[in-house]
Amino acid sequence: MLNPSLARAFAQICCVLAYQAFALCAGGREPNVSFTNLTFRDGLPIGEINCSIRDNNGIVWIAGSGGLSRFDGYQVEQIAEERTKTLFKDSRGLLWAGTETSGLLCFDPLRKVKILSLDHSSSEPSKRLLHPGVTRIAEDKEGNLWVGTLAGLSKITVRRTSTETVECDVTSYRPDANDPAALPEGHITALLVDPSNRLWIGAAGKSLSTLHPQRNAFETVWESATGISTLYAADETHLWVGTNGNGLFLFDIRTLESREMSAGIASREINAAVMSK
């Protein structure tokens, strides 16, 4: 049975539709909010927007098919032209951009300069990603970055940072049908480090897996009828799992059981999930 705190949390969860989240916070009343649109006329590159994030200085970074831009509240400035899929701000304040064809980029957001580029073409395995298409980025409590790609998972161990560069090592994990402890699927679509520092991986096929670091082994703990699109920690023992067309599920980490929670949601295509406070 779902405990009361999680039941309340589910009542507050918002999937994609930010308007509904505002309405919940307003107690069901029409929210008193306004929006300002940014378009190519304001300097935004032409193309679809995939992701946005705010850095430690309050600057909004916008990723899309037209590249990477920043908005300081007054004007839009394009920083990079690479087609950008996802953004992540790490505990050091650095901005990481996962691109569709150019690998992983790291920016010093204050100076607006690129200080690291990692892709699949390096001759050194410790500097090479499995694929130039980066889909998701997460960080564990040790400051390691976990990077999902179209062909597997990479761990970025940051050894030193400076104003000019990031010194790091790359360890990659790929599927292997002959190894039961290997990563189950290559196309990574969701990554999450939960409050206990445990890594969870969602894949385009249908698997939800976790990494057991002591054994350096992956385990598939749940499967969806369709691919997994997003992961969110409800609390220390439950995950919200969004899928591509199969709805929203609450997954119990302790029992490895799931419960569908799609009732009342307008679509079974879940792109993102957050909880209001």
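Residues numbered from 1 in each chain as written. Predicted model: local features only at pLDDT ≥ 70, side-chain atom pairs only at ≥ 80, totals over all residues. Heavy atoms only, no water.

(A) The arrangement of the sheet that holds strand S2 (residues 49-54) in detail. Sheet architecture is open: four strands sit in the order S2-S3-S4-S5, paired in antiparallel fashion. Two strands in the sheet have a free side with no partner beyond their single neighbour: S2 and strand S5 (76-80). Neighbour to neighbour, the strand axes of the sheet diverge by 25° on average, direction disregarded. Where strand S4 (residues 67-71) lies against S5, four bridges are found, and the strand directions are antiparallel. Within S5, the residue paired with Phe 71 across the bridge is Val 76. (Pairing = 2+ DSSP bridges. Helix = DSSP H or I, 4+ residues; strand = E, 2+ residues; numbered from the N terminus. Axes fitted to C-alpha atoms, helices over the stretch in contact; angles between N-to-C directions.)

(B) Layout of the pattern of salt bridges. One pass over the structure, following the stated rule, counts 14 salt bridges. For the salt bridge of Asp 90 with Arg 92, the shortest nitrogen-to-oxygen distance reads 3.2 Å. Residue classification places Arg 92 among the partly exposed residues on the basis of a relative accessible area of 33%. The closest approach of N and O atoms between Asp 252 and Arg 254, which form a salt bridge, is 3.2 Å. Salt bridges sharing common partners tie together Lys 127, Arg 159, Arg 160, Glu 167 and Asp 169. (Salt bridge = Lys/Arg side-chain N within 4 Å of Asp/Glu carboxyl O. Buried < 20%, exposed > 50% of the residue type's maximum accessible area, 1.4 Å probe, protein only.)

(C) Region of the structure containing the sheet that holds strand S18 (residues 228-233). Strand order in the open sheet formed by four strands is S18-S19-S20-S21, and the pairing between neighbours is antiparallel. Both edges of this open sheet fall to S18 and strand S21 (257-260), since each of them pairs with a single strand only. Here the strands of the sheet are splayed against their neighbours by 25° on average, with no regard to which way each runs. Here strand S19 (residues 238-243) pairs with strand S20 (residues 248-252) via five bridges, running antiparallel. Of the residues in S20, the one forming a bridge with Gly 242 is Leu 248.

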